[in-house]
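# Observations on chain architecture
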There are 2 protein chains.
Amino acid sequence: MSALTLAVLGATGLVGQHLIHILEQRQFAQRFGTFTLKPLASERSQGQTVRFMGQDVPVQLAEPDAFNGVDIVLASAGGSVSEALVPEAVKRGCVVIDNTSHYRMQPDVPLVVAGVNDEALKSHAGIIANPNCSTAQLMPVLKALHQAAGLKRVIVSTYQSVSGAGKEGMEALWRQTEALVAQPDTPVEKIGYESPGALDRETFPIAFNLIPMIDVLLEKPDVYQGYSKEEWKLIVETRKILELPELAITATAVRVPVMIGHSECVTVDLERALSPEQAEALLKNTPDVVVSPAMSREYPTPKQAAGQDPVYVGRLRRDSSNPETGLNFWVVADNLRIGAALNAVRLAELLITMNLLKFPSVA
Amino acid sequence: MSALTLAVLGATGLVGQHLIHILEQRQFAQRFGTFTLKPLASERSQGQTVRFMGQDVPVQLAEPDAFNGVDIVLASAGGSVSEALVPEAVKRGCVVIDNTSHYRMQPDVPLVVAGVNDEALKSHAGIIANPNCSTAQLMPVLKALHQAAGLKRVIVSTYQSVSGAGKEGMEALWRQTEALVAQPDTPVEKIGYESPGALDRETFPIAFNLIPMIDVLLEKPDVYQGYSKEEWKLIVETRKILELPELAITATAVRVPVMIGHSECVTVDLERALSPEQAEALLKNTPDVVVSPAMSREYPTPKQAAGQDPVYVGRLRRDSSNPETGLNFWVVADNLRIGAALNAVRLAELLITMNLLKFPSVA
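Rules of the game
Residues numbered from 1 in each chain as written. Chains lettered and ligands numbered in written order. Predicted model: local features only at pLDDT ≥ 70, side-chain atom pairs only at ≥ 80, totals over all residues. Heavy atoms only, no water. Pairing = 2+ DSSP bridges. Helix = DSSP H or I, 4+ residues; strand = E, 2+ residues; numbered from the N terminus. Contact = heavy atoms within 4.5 Å. Axes fitted to C-alpha atoms, helices over the stretch in contact; angles between N-to-C directions. Salt bridge = Lys/Arg side-chain N within 4 Å of Asp/Glu carboxyl O. Buried area = accessible area lost by both parts, 1.4 Å probe. Polar contact = N/O pair within 3.5 Å; in protein donor to acceptor, adjacent residues only side chain to side chain. Nonpolar A, V, L, I, M, F, W, Y, C, P; charged D, E, K, R; others polar. 1 Å grid on protein atoms, 1.4 Å probe; cavity = no way out; pocket = protein on both sides within 12 Å on 5 of 7 lines; lining within 4 Å. Points joined across faces, edges and corners; volume = space filled by probe spheres on them. Buried < 20%, exposed > 50% of the residue type's maximum accessible area, 1.4 Å probe, protein only. Least-squares fit on C-alpha atoms with pLDDT ≥ 70 in both. Parallel < 35°, antiparallel > 145°, perpendicular 65-115°, else oblique. Left-handed = near helix turned anticlockwise from the far one by under 90°. Core = buried A, V, L, I, M, F, W, Y, C linked by side-chain atoms within 4.5 Å.

What follows deals with the sheet that holds strand S6 (residues 72-75) of chain B. All names here are of chain B. Across the sheet, 6 strands lie side by side as S5-S2-S1-S6-S7-S8; this open sheet has parallel pairing. Looking at which strands have only one partner, the edges of the open sheet turn out to be strand S5 (60-61) and strand S8 (127-129). Taken together, the 4 bridges between strand S1 (residues 4-9) and S6 define a ladder with parallel strand orientation. Of the residues in S6, the one forming a bridge with Val 8 is Leu 74. Of the strands in this sheet, S1, strand S2 (35-41) and S6 are in contact with helix H1 (residues 14-25), which crosses S1 at around 150°.

Turning next to the pattern of salt bridges. Residue and element names in this part refer to chain A. What the rule picks out here adds up to 32 salt bridges over all chains. A salt bridge links Asp 56 to Arg 51, with the shortest nitrogen-to-oxygen separation between them at 3.2 Å. Among the charged side chains, a salt-bridge network with shared partners connects Asp 65, Glu 88, Lys 91 and Arg 92.

Another point: the interface of chain B and chain A. Between chain B and chain A, the contact holds 69 residues from the first and 69 residues from the second. When the two sides are added together, the surface that chain B and chain A hide from each other amounts to roughly 5800 Å², 59% of it contributed by carbon and sulfur. The interface formed by chain B and chain A contains 8 salt bridges. The salt bridge involving Arg 153 of chain A is made with Asp 319 of chain B; its shortest N-O contact spans 2.7 Å. Along the contact surface separating chain B from chain A lie 39 residue pairs in polar contact (both at pLDDT 80 or more). Those elements that place two or more of their residues in the side of chain B that touches chain A are strand S9 (151-159), helix H6 (166-182), helix H7 (229-241), strand S10 (248-252), strand S11 (262-270), helix H9 (302-305), strand S13 (311-318) and strand S14 (326-333) of chain B. In the side of chain B that touches chain A, the residues fall into 36 nonpolar, 18 polar and 15 charged.

Time to look at empty space enclosed by the protein. This model, assessed by the stated rule, comprises 2 cavities of 30 Å³ or more. For the largest cavity, the calculated volume is near 60 Å³. In this structure, the largest cavity is lined by Leu 173, Thr 177, Ala 207, Phe 208 and Pro 257 of chain A together with Leu 173, Thr 177, Ala 207, Phe 208 and Pro 257 of chain B. Of all the secondary-structure elements, those providing two or more residues to the lining of the largest cavity are helix H6 (166-182) of chain A together with H6 of chain B. Classifying every residue of the lining of the largest cavity gives 8 nonpolar, 2 polar and no charged. Looking at the second largest cavity, its volume works out to about 40 Å³. Lining the second largest cavity are Val 113, Ala 114, Pro 140, Asp 288, Ile 338, Leu 342, Asn 343 and Arg 346 of chain B.

This part takes up the side chain of Thr 5 of chain A. All names here are of chain A. Mapped onto the elements, Thr 5 comes out in strand S1 (residues 4-9). Taking the relative accessible area as the measure of exposure, Thr 5 reaches 13% and is therefore buried. Not counting chain neighbours up to four residues away, the residues in contact with Thr 5 comprise Thr 36, Lys 38, Gly 69, Val 70, Asp 71 and Ile 72.

This next bit is on the relation of the copies chain B and chain A. Note on the copies: chain B fits chain A at an RMSD of 0.0 Å, the axial shift is 0.0 Å, and the rotation between them is 180°. In symmetry terms, the pair is related by a two-fold rotation axis. Taken together, the interface assignments show that 100% of the residues at the interface of chain B recur at the interface of chain A, consistent with an identical surface on both copies.

All names here are of chain B. Interaxial distance between H1 and helix H10 (residues 337-353) falls to 9 Å at its minimum, and their mutual angle equals 50°. Relative to H10, the element H1 is oriented oblique. Where H1 crosses over H10, the handedness of that crossing is right-handed. For the pair H1 and H10, contact is made by Val 15, His 18, Leu 19, His 21, Ile 22, Leu 23 and Gln 25 and by Arg 337, Ala 340, Ala 341, Leu 342, Ala 344 and Val 345, respectively. Partitioning the contact of H1 with H10 into residue classes produces 9 nonpolar, 3 polar and 1 charged.

Counting 106 residues, the largest nonpolar core has Phe 28 and Leu 74 of chain A together with Phe 28 and Leu 74 of chain B as its most contacted members. With near-sequence residues (within four places) excluded, Leu 74 of chain A lies in contact with Leu 6, Ala 7, Val 8, Leu 9, Leu 19, Ile 97, Ala 344, Val 345 and Ala 348 of chain A.

Geometric values such as these leave the question of function open.
As structure tokens, this is what we get:
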């Protein structure tokens, strides 16, 4: 297990930077022997370096041959980059942990949240998908509730931060807020996004506003007509990770003027009664979850969750529309960590400790 | 109907100012004959004037005898003021439209949203209650859906603006945002509220954050243990206005860093199937409601709703957790108008046009 080489594809992006930071924080090198970090990015980032373990590591061009000799790739450069380069990496013997949505729903690609469905890693054939941020933070909570009382129906309303749209999203919120603080009556069209693609319509500011549409409308919606891609991801990824293909679940995804930290308001119908106190006790014993006292005034906010590893749960109480078997709660996590970089690094750790770096077929 | 005298109790507050502005906008005087505006407020506001119809009208002290000769009182000075002064006004022959929560759930006090349950006005005994802002904007929509297909269950997650907490809420968001724009790493404790009571805990900023708790936890929660007062209001007021005392309904109320405009993400289970297209057609014909095309990318935001009268509905689509009889949608309105001042003025208009200014018992 010595001389491991780990490539970060999209090393200069928001999640890429978090990946490198978390590799340091978790003492990846110290725990798994000397290893080489290979930061990869597009031509735009050539000549840049990334800081890692006290060294400035040059960013290399993300091209097929860059994956030669690499053991693990953490891919976070967008769906089209993953589509083009992940097969090249797999061809060269890498195991890829892909943060994009490109491979997530392929049947032969395990979709894994560390600590929730680690066993699924065993069936990988070179690619492991990291779920969408809004899905990932729900999984430890829903898994625990399902095991205890059976999930029957899940209704989610999200409150997602702009960092889910990358650096551009954060810059847009900051720029718009600055403009409005400087001159409160600045017309909307003067504070539009420079990069409309990052969030939604350039004519709608996100500063002091909400955008109830994240990502595009589904192109082939099937039964999900009128759903955004973000909502669809939350629905189908949850079913795949929990191995509940028929789970009744719906979601509405809303962008809020928060920098970091996604929040979710959740209603669950359970097969069997579970009191708020029982759910609290259960979640207290669930790894990666920090739960506020049930039915109390204590609650997590995105400001508190930002920069932290756990998934925070609060506002746990009976669902007054289904008091026998329903619960309401509020889930908050750092979307750049649990929802992206932290989970990717934990999956890399699991690949090593579970001895899954060679494909099962050639092991 | 000439020489009507209308008092605004709490005339210098945020809703009070909106009340006076809306009386002007709706040409109340022109439509209902010469009338006198009597702005009332506490000692703190003595010596101030309010601008109305081109005149500076002196603010008078809110005391029992100030109601002598007044026909209609629009009360918006907080629950404890209404508790003390509304009976005094009624004693003096006024009909009071009360914006506070103090009388809303009393069985002999009609709780009315103009255009939704106007008939309930007929049973008033001097006091008519205006519902909470987050309740009011839902009512035209839920009423229409109930009449068409029967409401079975309602699940609401709110995204409520700081103006719901009055001027202090708006000032807190503005001050905190200014501080963070000037110095992004300002510690939380340095940007706390000067008036913690207006929103929640002084240690949690609302700028770039969310507060998933509006108002206090219920003191005598009964089956609503762990619910905030704001959530309870939405639940019990909805049941009262729709005359559905057994309606299965739950709510989670969340404060968001938006100045004006409350948004709500709603899931409804209906008794009978209603397609998104049918619901769209229905809401197109519902007074006071503006609906975006079902299953489209068009949607309302609080920025657009601020300053406008209608209730805006968007994101209308099937609930994927209950595709047969469920719908999801997004409701946005100006909480200071539909949720407070506009509804109060419309109720005053109805009292006049329905000839309900004298109590039914003495009519």
